[in-house]
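Chain residues, written in single-letter form:
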Amino acid sequence: MFESEQKRIETQIRAYCEAHDLPVGDISWSWIPFSGNWGISASFFQLAADDSRAKGLKVNVPQRAQEITHGIAKNLELSEAFERVEAVKGYLNIYFSNKIYAMRIIDAVLSEKERYGRGKSSGQRVMMEFSQPNTHKAFHVGHLRNVILGNAVCNILDSAGHDVIRANYLGDIGLHVIKWMWCYLKYHNGEMPSGDITRWMGDLYAEASRRHEDEPDAEGEIRALFARWDRRDPDVVALWERTRQWSLDGFDEIYRTLNVKFDHLYFESEVEDSGKEIVDELIAKGLAVDERPENPVVVKLDELCGTKEKYRVLVVLRSDGTSLYATKDLSLAIRKFEEFHLDRSIYVIDVRQSLYMQQIFKTLELMGYPWTKNCYHLAYEIVNLPGNVTMSSRDGTVVFLQDLLDEATARALKIVEEKNPDLESETKQSIAHKVALGALKYSMLSRDNTKIVTFDWEAALDFNGQAAPYIQYAGVRANSILRKAGGVIPEPLALEYELTAVEVELIDLISRVPKEIQRAAAEQKPLFIANLAFDIAQAFNNFYRQCPVIQAEPQVRDFRLRLATASRQAIVNCLALLGIETPEVM
RNA sequence: GCCCUCAUAGCUCAAUUGGAUAGAGCGUUUGCUUGCGGAGCAAAAGGUUGGGGAUUCGAAUUCCUCUGAGGGCACCA
């Protein structure tokens, strides 16, 4: 927003430093950390310390920094975009002109609308692989974090200016599928899913796991079925195709509910054969050791890299020749780069697979693929139940997604009924859905990726405080003001009154959106956006309370109307990045 | 045994990536509606940033060490 002015100031500072024989390095600006102030701030401690070291002097660094800062401040020539400059405790604070700053920000938001905050195109193509559900298994709250996080990071990368390809990789084959089919054939042959498809599939998988453990013959029968699959026995393939589709239909429904879309779908089954060819290649190149049928095919990474207990050993093929996750992942990684010419490939996978991901990337590197340095594992911590219980479909300790959504929506609906009894019931439903889903998404995105989320019903269904409904509500209030004012946004106008502290605060936070998007994209942390959205909402609620809009005199009223509209836009944009919708009313 | 995370207010989490006075929410106590929507606002109380050391003008943030919790390490995904 003030880049050109900032550059001119830097030039002046450099000139001053050179004239006074000071070793000026990078000048890093941050905002002035006191509420009610707009401007940029730079510290000169480092410069003072470097200077005294270079000249062999022993000085009091803070004092020297203050002297330098004072000297710079005195000689600085400011454009009219700035109001004043001050030297405080070694910091050079340059204050923007209220009028110009406030107008620039609000004008930018209102003219760019839903594009406010977006970065310039980087020309970088990034593939994000996320969700990766297994067919023939349940979809529970533990899987939710992946989808929500992956989706939000996609939105953020896109907004930051990258070309994002959203990929899903479906685990439609593997031991779990064979186990499921074994149980189906033996105990449920001919049955059709009823009700919630994904739940039904998951229940049958849980039964399969139980029987697998309990029945002595199970292991052998499952292996035999896997062998038939490997030979592509037509009956097995037909069953697989039919039952797999059930799961896929169920997933579609879930993604529709969550409002998540993918650009490209990969299936494990389609990289199984090519994966085995990669294994042959690994063996031929001497990278993998083949001791079948006694032992599996392995890549002894530590031996190959000269490391100790770092990369361990990667198993790439079972001793009976059937494929593993790694078999397919190697092939998939190559395919991604060949098909899409990626600049970066990001995998959203939980933290427990960190070593595995390193092994895959290392193996690819040893195979000579130059792009492996552009592969990145975006690790996130899992969602646990209270008492550190990990959700497991086998133990039945899961919270089903649908149950949670139903309960959350029911509670939200109850509140909507109280607040807005006159709305059409369809509208109420839609609002309840947006609020419930928003609360759920926000609760997972408002903490760092490396933090374990402990799921508990009370917290997940709490709509008060730092939560999505609070932020949505601020957006709704802004909307309400605008509606009451006739729905017309006033034309850009000069600021003709003294802004109050809360207005300054609010505009300041709105102005941070573009930078925070870049920061969130660079670190793949939706948390930054989640926090900013909350801060803006909080500042808006303050503004709402303290600053009358409609009853204010015309010039103030028009300016505040524009500010309220810009606030709503900023909130809507931030929430959209998190995959959360802002209703018109609630 | 080796490796990876995490530890901040009673609880759940932040902290502009090494900067100025460590901030929110929940919970507790107390106020605010003849004002644009109270899913709101304000105030109070609550802190030796797990312990110790080092680097630095400056450390919740970097390094070392100890403690505690969780996770990973050959044919699950």
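To start, this report covers the structure provided alongside it. What you are looking at is a predicted structure, and each value in this text was computed from that prediction instead of being measured.

The subject of this paragraph is empty space enclosed by the protein. Applying the stated rule across the entire model yields three cavities of 30 Å³ or more. Approximately 110 Å³ is the volume attributed to the largest cavity. Residue lining of the largest cavity: F139, D196, I197, T198, R199, G250, E253, I254, F400, L401 and Q402, and that is the complete set. Going through the elements one at a time, α7 (197–214), α9 (234–258) and α14 (401–419) are the ones with two or more residues in the lining of the largest cavity. Split by residue class, the lining of the largest cavity holds five nonpolar, three polar and three charged. For the second largest cavity, the full set of lining residues is N259, K434, L437, G438, K441, G579, I580 and E581. In the lining of the second largest cavity, the residues fall into two nonpolar, three polar and three charged.

Taken together, 70 residues lie near RNA strand B, and Y91, K419, Y470, S480 and E523 sit nearest. Taking all atoms of RNA strand B within 4 Å of the protein, the share assigned to sugar and phosphate is 58%. R53 is positioned such that a nitrogen or oxygen atom in its side chain is 3.1 Å from a phosphate oxygen of RNA strand B. The side chain of N134 places a nitrogen or oxygen atom 3.4 Å from a sugar or linking oxygen of RNA strand B. Those elements giving two or more residues to the surface near RNA strand B turn out to be β2 (39–43), α2 (45–54), β4 (91–96), α13 (354–366), α14, α17 (468–484), α19 (513–523) and α20 (526–546). The residue inventory of the surface near RNA strand B, partitioned by class, reads 32 nonpolar, 20 polar and 18 charged.

Note that the residue after R292, namely P293, is joined by a cis bond; omega there is 0 degrees. Despite not being glycine, K113 shows a phi value in the positive range, around 50 degrees. Mapped onto the fold, K113 is located in the loop between α4 (98–112) and β5 (125–129). Residue K113 is classed as partly exposed on the basis of its relative accessible area of 43%. Positive phi, normally seen in glycine, also occurs at N259, with a value near 65 degrees. Its location among the elements puts N259 in the loop between α9 and β7 (264–267). Judged by its relative accessible area of 38%, N259 falls in the partly exposed class.

Here we take up the sheet that holds strand β13 (residues 383–385). A sheet is described by the order of its strands in space; here three strands give the open sequence β14-β13-β15, paired in mixed fashion. Each end of this open sheet is capped by a strand with a single partner; those strands are β14 (389–390) and β15 (453–454). Here two bridges tie β13 to β14, and the two strands are oriented antiparallel to one another. Residue L385 lies in a different strand from β14, and its bridge partner there is V389.

Right, let's talk about the pattern of salt bridges for a bit. Scanning all chains against the criterion turns up 38 salt bridges. A salt bridge links K186 to E215; the shortest N-O distance between them is 3.5 Å. Of this pair, K186 sits in helix α6 (residues 175–187) while E215 is found in the loop between α7 and α8 (218–230), placing the two residues 29 residues apart along the sequence. Notably, a salt bridge pairs R232 with E272, separated by 3.1 Å at the nearest N-O pair. Taken together, the residues R232 in the loop between α8 and α9 and E272 in helix α10 (residues 272–284) connect sequence positions 40 residues apart. The class for R232 is partly exposed, based on a relative accessible area of 31%. Overlapping salt bridges bring together K186, E207, R211, E215 and E221 as one network.

Glancing now at the environment of D448. Its location among the elements puts D448 in the loop between α15 (425–445) and β15. In this view, D448 contacts R145, K525 and L527; residues no more than four positions away in its chain are not counted.

Bringing the pairing of strand β9 (residues 297–300) into the picture now. Side-chain direction in a regular strand flips from residue to residue, so the side chains alternate between the two faces of the sheet. Relative to β9, strand β8 (residues 288–289) is paired through two bridges, and the arrangement is antiparallel. If you follow A288 over to β9, its bridge partner there is V299. Pairing between β9 and strand β10 (residues 313–317): four bridges, direction antiparallel. Following the sheet pairing, V297 is matched in β10 by L317.

What follows covers the side chain of E503. Following the sequence through the fold, E503 ends up in helix α18 (residues 501–511). With relative accessibility at 0%, the residue E503 sits in the buried group. Only 2.9 Å separates the side chain of E503 from the side chain of T500, close enough to count as a polar contact. Contacts of E503, omitting those with residues within four sequence positions, involve Y497, F543, C547, R560 and L563.

Let's shift gears to the side chain of K336. Looking at the element boundaries, K336 is found in helix α12 (residues 325–340). Overall, the relative accessible area of 0% leaves K336 in the buried class. Within the structure, the side chain of K336 is placed 2.6 Å from the side chain of E129, a separation counted as a polar contact.

Spatially, the five strands line up as an open sheet ordered β7-β6-β5-β11-β12, and their pairing is parallel. With one partner strand each, in any of the chains shown, β7 and β12 (375–380) form the two edges of the open sheet. Between one strand and the next, the sheet's axes are offset by a mean angle of 25 degrees, whatever the strand orientation. The pairing of β5 with strand β11 (residues 344–350) spans four bridges and is parallel. When the bridges of β11 are listed, M127 appears paired with S345. The strands that α13 touches are β11 and β12; relative to β12, the one it contacts most, it runs at about 175 degrees.

Each value, and the rule that gives it
- Residues numbered from 1 in each chain as written.
- Chains lettered and ligands numbered in written order.
- Predicted model: local features only at pLDDT ≥ 70, side-chain atom pairs only at ≥ 80, totals over all residues.
- Heavy atoms only, no water.
- 1 Å grid on protein atoms, 1.4 Å probe; cavity = no way out; pocket = protein on both sides within 12 Å on 5 of 7 lines; lining within 4 Å.
- Points joined across faces, edges and corners; volume = space filled by probe spheres on them.
- Helix = DSSP H or I, 4+ residues; strand = E, 2+ residues; numbered from the N terminus.
- Nonpolar A, V, L, I, M, F, W, Y, C, P; charged D, E, K, R; others polar.
- Near = heavy atom within 4 Å.
- Polar contact = N/O pair within 3.5 Å; in protein donor to acceptor, adjacent residues only side chain to side chain.
- Buried < 20%, exposed > 50% of the residue type's maximum accessible area, 1.4 Å probe, protein only.
- Pairing = 2+ DSSP bridges.
- Salt bridge = Lys/Arg side-chain N within 4 Å of Asp/Glu carboxyl O.
- Contact = heavy atoms within 4.5 Å.
- Axes fitted to C-alpha atoms, helices over the stretch in contact; angles between N-to-C directions.

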